[in-house]
Amino acid sequence: MASKKPLAAIRGFAMSDLSRQYIGPGWQLAVTAIHRAIADAGLKKSDIDGLLINKSPVASLMDLPMDLLDYAGLKDLTLCSVVEAEGSSGVQMVQQAALAVQAGMAKAVVCVFADAPIVPGVSTQQAFGMPLPLMGKLGSEAPTGLFGPVAAYALAARRYMHKNSLTEDHLGAVAVACRQWALKNPLAMMKKPLSMEDHHNSPYVVEPFHLFDCSFPVNGAVAVVVTSAERAADGPQPAVYIHGMGQGHRGVTNRRGFENEIEIGAKLAGQGAYAMAGVGPKDIDCAQVYDAFTYCILLQLEQYGFVEPGGGGAFALAGQTAPGGSFPVNTGGGQLSGYYLQGGTPLSEGVMQARGTAGERQVKHDLVLTAAYGGRMMYHACMITSPHASL
Amino acid sequence: MYDITRIKGWPMPVLNELNQPHFDAMADGKVMVQHCPDCDTWLAPGAFLCENCGSTGVQWREACGRGEIYSYVVMNRTFDPAFEAMVPYNVCLIELAEGPRLLANVVGIANSELAIGCAVQATFEKVGEGLPLLKFKPG
């Protein structure tokens with residue numbers, strides 16, 4: 001491993017309450033998480049000079065407005081921006097904050113994601129069930145009836161499963177492993193054990209996806225405070241040092257020769273982060289990845305180099321990502337069994353693991369890879385963190 | 001998200017110069033996509049420029065209408081009343097012989113018989129209040 005100074009560090013971290021009920025608008029949840037994260041960092045509001053905001057792509061600007069700084073009572077900021085890169089924004093915010101801190105543009109940047117998709121009278125299916133431009137530029141989703149991210153991802157998963165001769169057992173193994181982790185996480189929404197049989201018996205939403213192949217939306221917010229490595233070292237909480245960051249964006253090419261369902265930008269993002277940190281996939285102890293659907297974990301395991309291409313299914317089916325396995329993945333239950341806060345989900349668990357405060361589910365945490373994506377896995381960002389100021 | 005509208009009672013994308021020729025051609029029973037004359041690359045609509053060589057001279061051309069299923073799903077619920085009577089219905093990604101991929105429903109086959117690689121050809125069916133829509137059938 002290389003011996004390089006970290007780029008920046010996470011000094012504070014907190015979440016709002018999480019709920020399947022309406023507990024207030026997104027901005028209110030965001031303010032709660034921001035204030036808790038500042039307190040967690042042992043700082044005052046006046047110490048904060050940067051704010052980065054990430055709203056859900058399907059939420060309105062009203063739900064998480066640019067002037068969140070006023071709602072949160074923040075003043076005299078030298079950095080304030082809405083980061084919009086779909087689900088990859090959660091990690092991208094931390095990357096941008098780290099760069100700003102490195103450049104001296106800000107000393108302590110709060111990054112927040114909040115969402116409140118569940119409101120009375122509107123199901124989560126309705127909230128997310130719009131035609132999405134996930135297939136490219138044509139817009140044939142609406143006339144053919146391809147509604148919602150579940151359908152768009154199911155189409156991708158089918159191709160991936162075909163290519164690698166996977167069955168619903170391989171998808172089910174991912175759901176079962178996430179549930180096993182969730183049972184160890186007090187924050188997780190899913191509290192009942194899940195068997196392979198339960199997975200297979202759950203209704204199809206969009207074939208090949210059963211209900212338990214899909215993530216679990218909640219209302220809630222996640223906030224972190226990013227500072228320099230030096231400033232994080234004297235905080236009340238263990239610092240989470242950021243050693244590597246990467247992004248990868250490949251777009252969608254809808255013609256022969258381009259398998260958008262398999263060749264995603266995560267590979268590029270991972271290569272960038274590994275090079276910056278001076279480590280490789282074999283050095284990583286656990287991964288927290290965006291798992292809106294079961295298939296996504298399998299593919300990211302391959303793209304980030306933890307298994308060979310096509311090897312994700314067998315790896316998960318062998319229980320390697322589950323508690324007791326050789327490579328823990330989504331140790332809080334992820335979005336499938338924990339809570340779906342888009343990029344905020346892997347970010348939150350990544351911080352808890354890197355701090356060593358994950359309780360019963362704590363795993364070896366010298367190096368944690370945290371990854372998020374957006375769109376139909378079009379936009380990728382990842383970072384490599386650790387509790388060590390030098391690697 | 002993108003904006004949708006209803007044409008003859010059917011959900012459709014808002015038409016513009018990048019996608020309108022594709023949908024207009026359905027009334028004539030034609031599969032219109034785009035083609036780059038500079039590098040001979042066939043493109044799925046709506047391309048503003050050639051994603052292969054960068055040329056801005058892309059043109060609309062008729063495809064042969066034959067292809068194969070690249071991937072498919074079966075919708076077990078829907079979010080739009082237009083599709084309620086069709087549940088469970090398939091949505092397939094069709095790779096045309098020329099190379100571009102299009103989303104379409106495949107008709108004339110049970111959902112359980114769908115398979116990646118299955119040969120299909122274009123057919124046109126009226127939906128809603130008589131809007132011609134490109135679909136595919138085995139063959």
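The residue numbers shown here count from 1 along each chain, following its written sequence. Going through the entries in the order they are written, you letter the chains from A and number the ligands from 1. Only residues with pLDDT of 70 or above have their local features reported here, since the model is predicted, and side-chain atom pairs are shown and tallied only from 80 upward, although totals for entire chains, interfaces and linings are computed over all residues. Calculated side-chain values reflect all of the structure's heavy atoms, with hydrogen atoms and water omitted.

Within an unreviewed UniProt entry, the label attached to chain B reads DNA-binding protein, and the organism entered is Immundisolibacter cernigliae.

Points about the overall build of chain A
So the rule is basically this: Numbering of helices and strands runs from the N terminus, with a helix taken as a DSSP run of H or I at least four residues long and a strand as a DSSP run of E at least two residues long. The reference for a compact globule is 2.2 Å times residues^0.38; the radius of gyration itself is calculated from the C-alpha atoms. Residue exposure (1.4 Å probe, protein chains only): buried if accessible area is under 20% of the type maximum, exposed if over 50%, otherwise partly exposed. Note on definitions: a residue-residue contact is assigned when non-hydrogen atoms from the two residues lie within 4.5 Å.
Of the regular secondary structure elements, chain A holds 14 helices and eleven strands. Relative to its length of 391 residues, chain A is compact, with a C-alpha radius of gyration of 19 Å against a globular reference of 21 Å. The buried share among the 391 residues of chain A stands at 65%. A sequence separation of at least 24 residues applies to 76% of the contacts in chain A between residues at least 6 apart.

Details of the packing of aromatic side chains
Each aromatic ring pair is summarised here by two numbers: the centre-to-centre distance and the angle between the ring planes. Residues and elements named next belong to chain A. Under the convention used in this document: Each pair of aromatic rings taken from Phe, Tyr and Trp, with Trp reduced to its six-membered ring, is defined by centres within 6.5 Å and is described as stacked if the planes are under 30 degrees apart, edge-to-face if over 60, and tilted in the remaining cases. Only when the NZ atom of a Lys or the CZ atom of an Arg is both within 6 Å of the ring centre and within 35 degrees of the ring normal do we say a charge sits over the ring.
On inspection of all chains with the given rule, the structure shows twelve aromatic pairs over all chains. Look at Tyr153 and Tyr373: their rings are 6.1 Å apart centre to centre, the planes differ by 35 degrees, and that puts the pair in the tilted class. Taken together, the residues span a long stretch of sequence, with Tyr153 in helix 6 (residues 148-163) and Tyr373 in strand 10 (residues 368-374) at a distance of 220 residues. For the pair Tyr153 and Tyr373, a shared accessibility class is recorded, and that class is buried. In this structure an aromatic cluster arises from ring pairing among Tyr153, Phe209, Tyr290, Phe293, Tyr340 and Tyr373. Residue placement shows Arg20 over the ring face of Phe216; its charged tip is 4.2 Å from the ring centre.

Regarding the sheet that holds strand 4 (residues 41-43) of chain B
Residue and element names in this part refer to chain B. To keep things clear, this is the line we draw: Two strands make a pair as long as DSSP finds a minimum of two bridges between them. Between N-to-C directions, angles cover 0 to 180 degrees, with each direction set by a line fitted to C-alpha atoms, over the stretch in contact for helices.
Spatially, three strands are ordered 4-3-5 in an open sheet, and the strand pairing comes out antiparallel. Two strands in the sheet have a free side with no partner beyond their single neighbour: strand 4 and strand 5 (59-63). Adjacent strand axes in the sheet meet at a mean angle of 45 degrees when their direction is disregarded. When strand 3 (residues 31-36) meets strand 5, the two strands line up antiparallel, connected through five bridges. Considered in strand 5, the bridge of His35 is made with Gln59.

A word on the packing of helix 6 of chain A against helix 11 (residues 294-303) of chain A
All names here are of chain A. Selection criterion: Should an angle fall under 35 degrees it is called roughly parallel, over 145 degrees roughly antiparallel, and 65 to 115 degrees roughly perpendicular, with every other angle called oblique. Crossing handedness is read from the near helix: turned anticlockwise from the far helix by less than a right angle, it gives a left-handed crossing, and turned clockwise, a right-handed one. Amino acids are sorted into nonpolar (Ala, Val, Leu, Ile, Met, Phe, Trp, Tyr, Cys and Pro), charged (Asp, Glu, Lys and Arg) and polar (every other residue, Gly among them).
Where helix 6 contacts helix 11, the two axes come as close as 10 Å, and the packing angle between them is 55 degrees. Overall, the two elements helix 6 and helix 11 adopt an arrangement that is oblique. Two packed elements cross with a definite hand, and for helix 6 against helix 11 that hand is left-handed. Across the interface between the two elements, Tyr153, Ala156, Ala157 and Tyr160 of helix 6 pack against Tyr295, Cys296, Leu298, Leu299 and Glu302 of helix 11. Broken down by class, the residue content of the contact of helix 6 with helix 11 amounts to eight nonpolar, no polar and one charged.

Thoughts on the interface of chain A and chain B
What counts is decided by this rule: Any Lys or Arg side-chain nitrogen located within 4 Å of an Asp or Glu carboxyl oxygen qualifies as a salt bridge. Pairing of N or O atoms within 3.5 Å defines a polar contact, subject to two protein rules: one partner must be a possible hydrogen donor and the other a possible acceptor, and residues neighboring in sequence count only if both atoms are side-chain atoms.
Chain A puts 39 residues into the contact, and the matching count from chain B is 47 residues. At the boundary of chain A with chain B, the tally comes to two salt bridges. Residue Glu95(B) pairs with Arg256(A) through a salt bridge whose shortest N-O separation is 2.9 Å. At the junction of chain A and chain B, the tally comes to 18 residue pairs in polar contact (both at pLDDT 80 or more). Listing elements by their share of the side of chain A that touches chain B, those giving two or more residues are helix 5 (141-144), helix 6 and strand 5 (204-207) of chain A. The dominant element in the side of chain A that touches chain B, judged by the number of residues it contributes, is helix 6 of chain A, at six residues.

Some details on the packing of helix 7 (residues 168-182) of chain A against helix 11 of chain A
Residue and element names in this part refer to chain A. As a packed pair, helix 7 and helix 11 sit with axes 8 Å apart at the nearest point and diverge in direction by 95 degrees. The angle between helix 7 and helix 11 falls in the class roughly perpendicular. Of helix 11, the residues touching helix 7 (which contributes His170, Leu171, Val174, Ala175 and Cys178) are Thr294, Tyr295, Ile297 and Leu298. The class makeup of the residues in the contact of helix 7 with helix 11 is seven nonpolar, two polar and no charged.

What to know about the UniProt feature "domain: ChsH2 C-terminal OB-fold" (unreviewed entry) in chain B
To be explicit about the condition: UniProt positions are given in the numbering used here, feature names are shortened, and annotations may be inferred rather than shown by experiment.
In the numbering used here, UniProt assigns the "domain: ChsH2 C-terminal OB-fold" (unreviewed entry) feature to residues 60-125 of chain B. Taken end to end, residues 60-125 of chain B has its terminal C-alpha atoms 22 Å apart, with 0% of it in helix and 50% in strand.

Structural notes on helix 1 (residues 26-40) of chain A
Residues and elements named next belong to chain A. Quick reminder of the rule: Here the expected length of a helix is defined as 1.5 Å per residue gap, with one fewer gap than residues.
Given a rise of 1.5 Å per residue, 15 residues ought to cover 21 Å, and the 21 Å separating the end C-alpha atoms of helix 1 matches this to within 8%. Among the residues of helix 1, those classed as buried are Gly26, Leu29, Ala30, Val31, Ala33, Ile34, Ala37, Ile38 and Asp40. The inward-facing, buried residues of helix 1 contact strand 1 (8-15), strand 2 (50-55), helix 2 (68-72), strand 4 (108-115), strand 7 (220-227) and helix 14 (344-355). Two residues or fewer past helix 1, Gly42 is found with a positive phi of approximately 70 degrees.

Some thoughts on the pairing of strand 1 of chain A
All names here are of chain A. Counting buried positions along strand 1 yields eight of eight residues, so the element is predominantly enclosed. Taken together, the three bridges between strand 1 and strand 8 (residues 240-249) define a ladder with antiparallel strand orientation. Counted as the bridge partner of Ile10 is Val240 from strand 8. Here strand 1 pairs with strand 7 via six bridges, running antiparallel. Across the sheet, residue Gly12 finds its bridge partner in strand 7, namely Val225.

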